[in-house]
Amino acid sequence: MLNPSDIVIGGGVSAAGEFLLDQVRHYFEQFSFPQVRQSTRIKLAQLGNDAGIIGASSLARQFSKK
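Now for a description of the structure that goes with this document. (Residues numbered from 1 in each chain as written. Predicted model: local features only at pLDDT ≥ 70, side-chain atom pairs only at ≥ 80, totals over all residues. Heavy atoms only, no water.)

**As for a nonpolar patch on the surface**
- Taken together, the side chains of Leu47, Ile53 and Ile54 define a hydrophobic patch exposed on the protein surface, amounting to about 280 Å² of accessible area.
- Inspection of the secondary structure assignment puts Ile54 in helix H3 (residues 51-64). (Patch = residues over 30% accessible without salt bridge, like charges linked within 9 Å, V, L, I, M, F, W, Y side chains within 5 Å. Areas by Shrake-Rupley, 256 points an atom, 1.4 Å probe, with all protein chains shown as cover. Salt bridge = Lys/Arg side-chain N within 4 Å of Asp/Glu carboxyl O. Helix = DSSP H or I, 4+ residues; strand = E, 2+ residues; numbered from the N terminus.)

**What about the pattern of salt bridges?**
- Scanning all chains against the criterion turns up two salt bridges.
- For the salt bridge of Asp6 with Lys43, the shortest nitrogen-to-oxygen distance reads 3.6 Å. With a gap of 37 residues between them, Asp6 in strand S1 (residues 6-9) and Lys43 in strand S2 (residues 41-44) connect regions that are remote in the sequence.
- Since its relative accessible area comes to 36%, Lys43 is described here as partly exposed.
- Connected via shared salt-bridge partners are Asp6, Arg41 and Lys43. (Buried < 20%, exposed > 50% of the residue type's maximum accessible area, 1.4 Å probe, protein only.)

In structure tokens form, the structure reads like this:
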């Protein structure tokens, strides 16, 4: 929590893409400790807003096999 290797932005806000990422990076650079700044990457979730539905369907699939 204090020194993450990655910060992943997902869900509906990830649709803002690079605009949001640029803003987050700007404030992260301004307000984070130097050590954290150097070791932490900020990126968008690969599944974006679909992550929740993909996870739910995967869980439902596991229970339907039993």
